[in-house]
Amino acid sequence: MLYVIFYFQVHQPYRLRHLNVLDIGKGLDYFDEHLNSQIMRKVTEKCYLPTNKILLDLIKKYEGRFKVAFSLTGTAIEQMKAYSPEALDSFKELVDTGNVELLGETYYHSLSFLFDTNDFLDQVAMHRDLMKSEFGYYPETFRNTELIYQDSLSDLIYEIEGFHTILTEGVDRILQWRSPLYAYKNYAKTINLLLKYYQLADDIAFRFSDRDWPEYPLTVDKFVNWIDHLTLSEKENRNLFLNLFMDYETFGEHQWAETGIFDFMQHFPEEILKRPHLGFANPKEAYKLANYQQEALSFPEPVSWADVERDLSAWLSNDMQRNAIETLYNLINLIRQKGDEKLMEVAHKLSTSDHFYYMCTKYFQDGDVHKYFSPYDSPDQAYIYYMNALADLEERLQ
Amino acid sequence: MKVLMFTWEFPPLIAGGLGMACYGMVRSLLGLGIKVDLVLPTKELVYFPLREPDDVDKLPAVFLDPQKHTEYISHKFLNIEERLDYIGVTVRPETYLQMGELEQFVKAIKKESQRELISQEEREIWEELTAHLMGEEDLFKKVQEFTLRAERFARELDFDLIHAHDWLTYPAGMLARSISGKPLVVHIHATEYDRAGGPGNPRVHRIERAGMMYADRVIAVSQYTAQRVMSHYRIDTAKISIVHNAFSLSDEYHRTKKRIFKGPTILFLGRITLQKGPDYFLEMASKVHKVHPEAHFIMAGTGDMARELLYKSAAKKLGNKFLFTGFLNRKQVEDILRASDIFVLPSVSEPFGISPLEAMAFGVTAIISKQSGVSEVVNHAFKIDYWDVDLMAETVNHLIENPELCQKIGLEGMEEVNKIHWNDSAEKIRQIYSSTLSEYLKSNP
């Protein structure tokens, strides 16, 4: 059997307003409420509501045979509550079907795992509480921000009660000759690992509407045939897992409705379920379905799902990014010592990885993607506004 | 007395200190009863007949084309900005985009250089000017256009003397002198050596030299600049006069402190360009930061090195203690001065440097480069070689550690600069005008 595992990331950062040095000390809100609400409304209309509706109908139609997983960040849920509560309601409706898995992550979609273990654990706990209070759900699968993973993460997650599986990127330099279709274990064999099958996932997420792509247009038939072919490599009847992980905004936002992305999603399950050796599963089920000894994989260096490098360079490759993030975690440490919860909330909103992504200066292939997602004119501007916010925050702390 | 004045900057048309210097100077000249017809790089062919001191803010304009002037007069403007927009005074001179016709330009210049009775020396000056003003680059084209227009101003306006500020307007001044036969005063606010921190663009250098050679008098903004004019441009010492700049603050200013940061605040204010030594400021900041991590450094302004400085400051891990403001308007400049304790001018070469005077007027303690003209006019400021970053850092540390001393020097500096007035500078310029005119009348009876 090959199980298609869909996991969709639902995230919206708090984008900063254009803070000037002269704004420091005036008690201004750092975040651009107008822009943030506008984007939340737009994404709700273009993606969340229509895609949720499609998924809900599919789940009902196939009576439990079609299933998906979501990871919703705290910052996305807060902004849904503030600007489009109907979006949050429609996610709740999906979760109530029982066929939707919710994943655990850091509340603020942060890079705290890399910089501050205490803060990381705090943010994971906050997110667990949020899943419980909003959805009555206890996540069993963990995904770290941007699928960032290395061995030490599995040790931390293993210590947290309830998690047994982590999702990450199927990076070639780790897998080498191995296939991302199998369920693996972490280096210590304490946690299960599921690896994104990036070729096929990115066919949907990035290449779906690319007219220069030789496979354009991507039809359901074609895609399911490719999936079918994947099963041929398995001769011992071991269960395979095709992990299609992507941003939820792929549907209707990155790939507009006009590209046919909604039709694709609507007809995809039917084609899969027509074939007896194909099906759907949720991440938390995989380790039970793995009818073989799971091989241990070691990730000595961090990997992620971003850019062609699939490392940390999207957030941490230039001096601006490093100076900004180190300054932030110094401040978070000071705020924790002081126990100021109000300032901690602001600092946490500034810990969202997007802020560092906007400062990225790798302007070749991936630069376009960075630019597409950035609300600022340039990485320099993003850095200037961010550092002004940190300067103001430190003044407020004193 | 009436002066035909050419300048590239005048508020609200400002890129650097030149505009503010012209503003203060002209205002005080008007106060002395001197009439000024001001020509700026405007889109429309206009000049500004300034008669009263207040005219520097009102900027009354006259179109050379009578029909256009009638249209302009009958046009209703809601405010001065709208009116200046009609004339085509852009906020920043770089955006001046009216391109000149090269052919026409060469014709006009040629006409002058091929007159009979022209001396060999003069002919050489014109040939040199033409050769070096050729080119398709935006700036040179703008200068050509500006120069071409000078011909009409020179023929149609009535004036006693021509005054041109910095190289961009020297060719215009020269052409006006040649056509009208009236004496020319050129004013050196900065030379190519200062801007480039070295020889710079040889073409600009030649144009500067042609202007100074052709002029009847040369005004330098400092002894420092006069030295440079003599040594690098070989201009006859007898032609050179020194008139130091002064400064003006907008009327509604408040000079009381209004802090942004609780900790010490150290300011760089100026274009972020090689001439101003922003990299020395960063080096100093990095040294001070190690001793006083509570100190904030603000780099205010824009410029071609802004991005480089941004990246370098991040690499030096100055955390959130080294901040950039981007471009600031006058009001914002005053706000940033009110928030600062120490002002540092680390210019590699600063012909004058008005900004330390402004900072001192706000009681901000100033550390200024020895390689500056402003260091000739103030005593209550620290004067340090721009390259001596260690001493600069030690001085800042000392001031941070002794806030009373810092405040005391700041107040003494404030008292000192309060005595500096544009009126005194204008009076010197008036005397230069008078002597230039009487010499001219003697030789052209």
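Residues numbered from 1 in each chain as written. Chains lettered and ligands numbered in written order. Predicted model: local features only at pLDDT ≥ 70, side-chain atom pairs only at ≥ 80, totals over all residues. Heavy atoms only, no water.

A.B. asks: Looking at this structure, I do not really get the overall build of chain A. What am I missing?
C.D. replies: Along chain A, the regular secondary structure elements total 17 helices and 9 strands. The C-alpha atoms of chain A give a radius of gyration of 21 Å, which matches the 21 Å a tight globule of 398 residues would have. By principal-axis analysis of the C-alpha atoms, chain A measures approximately 65 × 45 × 45 Å. Counting contacts in chain A only where the partners sit at least 6 residues apart, residues at least 24 apart contribute 78% of the total. A distance of 4 Å separates the average location of the 39 positive side-chain charges in chain A from that of its 62 negative side-chain charges. (Helix = DSSP H or I, 4+ residues; strand = E, 2+ residues; numbered from the N terminus. Rg over C-alpha atoms; globule rule 2.2 N^0.38 Å. Contact = heavy atoms within 4.5 Å. Lys, Arg positive; Asp, Glu negative; His and termini not counted. Charge placed at Lys NZ, Arg CZ, Asp CG, Glu CD.)

A.B. asks: Just to check I follow, could you spell out the domain arrangement of chain A for this structure?
C.D. replies: The parts lose accessible area when they come together, and the size of an interface is often stated as this lost area. All names here are of chain A. Taken domain by domain, chain A holds domain 1 (2–289) and domain 2 (313–397). Summarising the inter-unit geometry, the C-alpha centres of domain 1 and domain 2 are found 24 Å apart. At the interface, 36 residues of domain 1 touch 32 residues of domain 2. Around 2,900 Å² of area is buried between domain 1 and domain 2 when both sides are counted, 63% of it from carbon and sulfur atoms. Put simply, domain 1 and domain 2 have 1 salt bridge between them. Where domain 1 touches domain 2, the interface holds 14 residue pairs in polar contact (both at pLDDT 80 or more). Breaking the side of domain 1 that touches domain 2 down by element, the ones donating at least two residues are helix H2 (74–83), helix H4 (112–115) and helix H5 (117–135). When its residues are assigned to classes, the side of domain 1 that touches domain 2 shows 15 nonpolar, 12 polar and 9 charged. (Domains from an automatic or database assignment. Buried area = accessible area lost by both parts, 1.4 Å probe. Salt bridge = Lys/Arg side-chain N within 4 Å of Asp/Glu carboxyl O. Polar contact = N/O pair within 3.5 Å; in protein donor to acceptor, adjacent residues only side chain to side chain. Nonpolar A, V, L, I, M, F, W, Y, C, P; charged D, E, K, R; others polar.)

A.B. asks: Where do I start with the interface of chain B and chain A in this structure?
C.D. replies: Facing 22 residues of chain B, the contacting portion of chain A comprises 23 residues. Carbon and sulfur atoms make up 58% of the surface buried where chain B meets chain A, a total of about 2,000 Å² over both sides. Put simply, chain B and chain A have 4 salt bridges between them. Mapped by element, the contributors of at least two residues to the side of chain B that touches chain A are strand E10 (296–300), helix H13 (306–315), strand E11 (322–326) and helix H14 (330–338) of chain B. The element that contributes the greatest number of residues to the side of chain B that touches chain A is H13 of chain B, accounting for 5 residues. Looking at the side of chain B that touches chain A residue by residue, the class counts come to 12 nonpolar, 5 polar and 5 charged.

A.B. asks: Sorry if this is basic, but what is going on with the packing of aromatic side chains here?
C.D. replies: What characterises a pair of aromatic rings is the spacing of the ring centres plus the angle enclosed by the ring planes. By the definition in use, this model includes 51 aromatic pairs over all chains. Judged by centre distance (5.3 Å) and plane angle (70 degrees), the ring pair of Phe-208 of chain A and Phe-264 of chain A falls under edge-to-face. Separated by 56 residues along the polypeptide, Phe-208 of chain A in the loop between helix H8 (198–205) and helix H9 (220–230) and Phe-264 of chain A in helix H10 (residues 261–274) bring together distant segments of the chain. In this structure, Phe-208 of chain A and Phe-264 of chain A share a single accessibility class: buried. Relative to Tyr-23 of chain B, the ring of Phe-10 of chain B lies with its centre 6.0 Å away and its plane at 50 degrees, an arrangement referred to as tilted. Here Tyr-23 of chain B lies in helix H1 (residues 17–31) and Phe-10 of chain B lies in the loop between strand E1 (2–6) and H1, a separation of 13 residues in the sequence. Across from the ring centre of Tyr-214 of chain B, 5.1 Å away, lies the NZ or CZ of Arg-177 of chain B, which sits over that ring. (Phe/Tyr/Trp six-rings, centres within 6.5 Å; stacked < 30°, edge-to-face > 60°. Buried < 20%, exposed > 50% of the residue type's maximum accessible area, 1.4 Å probe, protein only. Lys NZ or Arg CZ within 6 Å of the ring centre and 35° of its normal.)

A.B. asks: Would you mind showing me how to read the sheet that holds strand E7 (residues 217–220) of chain B here?
C.D. replies: Think of a sheet as strands paired side by side through backbone hydrogen bonds, with each pair either parallel or antiparallel. Residue and element names in this part refer to chain B. Taken together, the 8 strands give an open sheet; going across it, the order is E4-E3-E2-E1-E5-E6-E7-E8, and neighbouring strands pair in mixed fashion. What marks the edges here is a single partner per strand, and that holds for strand E4 (62–63) and strand E8 (240–242). Bridge analysis of strand E3 (residues 46–50) against E4 gives 2 bridges, and the strand direction is antiparallel. Paired with Val-46 across the two strands is Phe-63, which belongs to E4. Along the sheet face, H1 touches E1, strand E2 (35–39), E3, strand E5 (161–165) and strand E6 (184–188) and points at about 155 degrees away from the line of E5. Sheet contacts for helix H7 (residues 138–156): E1, E2 and E3; angle to E1, the most-contacted strand, approximately 165 degrees. (Pairing = 2+ DSSP bridges. Axes fitted to C-alpha atoms, helices over the stretch in contact; angles between N-to-C directions.)

A.B. asks: Hey, could you run me through the pairing of strand E12 (residues 342–345) of chain B in this one?
C.D. replies: Residue and element names in this part refer to chain B. Where burial is concerned, the two faces of E12 agree: the one with Ile-342 and Val-344 and the one with Phe-343 and Leu-345 are both buried. Pairing of strand E9 (residues 265–269) with E12 involves 2 bridges; the strand directions are parallel. Bridge pairing in E12 links Leu-267 to Phe-343. Here 4 bridges tie E12 to strand E13 (residues 365–369), and the two strands are oriented parallel to one another. Looking at E13, one finds that Phe-343 is bridged to Ala-366.

A.B. asks: Honestly, helix H16 (residues 389–401) of chain B in this entry has me stumped. Any pointers?
C.D. replies: One full turn of an α-helix is made of 3.6 residues, so residues set three or four places apart face in the same direction. Residues and elements named next belong to chain B. Compared with an ideal rise of 1.5 Å per residue, which puts 13 residues at 18 Å, H16 spans 18 Å between its outermost C-alpha atoms and is within 8% of the ideal. When H16 is considered as a whole, its buried residues turn out to be Val-389, Met-392, Ala-393, Thr-395, Val-396, Asn-397, Leu-399 and Ile-400. Contacts from the buried residues of H16 go to E9, helix H12 (278–291), E12, E13, strand E14 (382–384) and helix H17 (403–418). (Expected span 1.5 Å × (residues − 1).)

A.B. asks: Teacher, can you tell me more about the packing of helix H8 (residues 170–180) of chain B against helix H10 (residues 202–214) of chain B here?
C.D. replies: A pair of packed helices is characterised by two quantities: the angle between their axes and the separation of those axes. Residue and element names in this part refer to chain B. Relative to each other, H8 and H10 sit at 30 degrees, their axes nearing to 9 Å. Read as a crossing pair, H8 and H10 show a hand that is left-handed. Contacts between H8 and H10 involve Tyr-170, Pro-171, Met-174, Arg-177 and Ser-178 from the first element and Ile-207, Glu-208, Ala-210, Gly-211 and Tyr-214 from the second. Of the residues in the contact of H8 with H10, the class split is 6 nonpolar, 2 polar and 2 charged. (Left-handed = near helix turned anticlockwise from the far one by under 90°.)

A.B. asks: Explanation requested: the environment of Pro-49 of chain B in the structure shown.
C.D. replies: Among the secondary structure elements, Pro-49 of chain B is positioned in strand E3. Between the C-alpha atom of Pro-49 of chain B and that of Val-39 of chain B, which follows or precedes it by 10 residues, the distance is 9.0 Å.

A.B. asks: Please explain the domain arrangement of chain B as it appears in this structure.
C.D. replies: Residue and element names in this part refer to chain B. Domain annotation for chain B reports domain 1 (2–246 + 424–443) and domain 2 (265–418). Taken over C-alpha atoms, the centre of domain 1 sits 32 Å from the centre of domain 2. Summing both partners gives a buried area of about 1,400 Å² for domain 1 against domain 2, and 61% of it is carried by carbon and sulfur. Here domain 1 and domain 2 share 0 salt bridges between them. Here domain 1 is connected to domain 2 by 8 residue pairs in polar contact (both at pLDDT 80 or more). Of all the secondary-structure elements, those providing two or more residues to the side of domain 1 that touches domain 2 are H1, helix H9 (192–196) and helix H11 (223–233). Broken down by element, the residue count for the side of domain 1 that touches domain 2 peaks at 4 residues, all from H11. Looking at the side of domain 1 that touches domain 2, its residues break down into 8 nonpolar, 9 polar and 4 charged.

A.B. asks: Honestly, the pattern of salt bridges in this entry has me stumped. Any pointers?
C.D. replies: One side chain can pair with another of opposite charge once the charged atoms of both are near each other. Residues and elements named next belong to chain A. Counted by the stated rule, this structure contains 52 salt bridges over all chains. With a shortest N-O distance of 3.5 Å, Lys-196 and Glu-169 are connected by a salt bridge. Residue Lys-196 is located in strand E7 (residues 192–196), and its partner Glu-169 is located in strand E5 (residues 165–169); the two are separated by 27 residues in the primary sequence. Classification of Glu-169 by relative accessible area gives buried; the value is 0%. Connected through shared salt-bridge partners, Glu-169, Lys-196, Asp-202 and Arg-310 make up one network.

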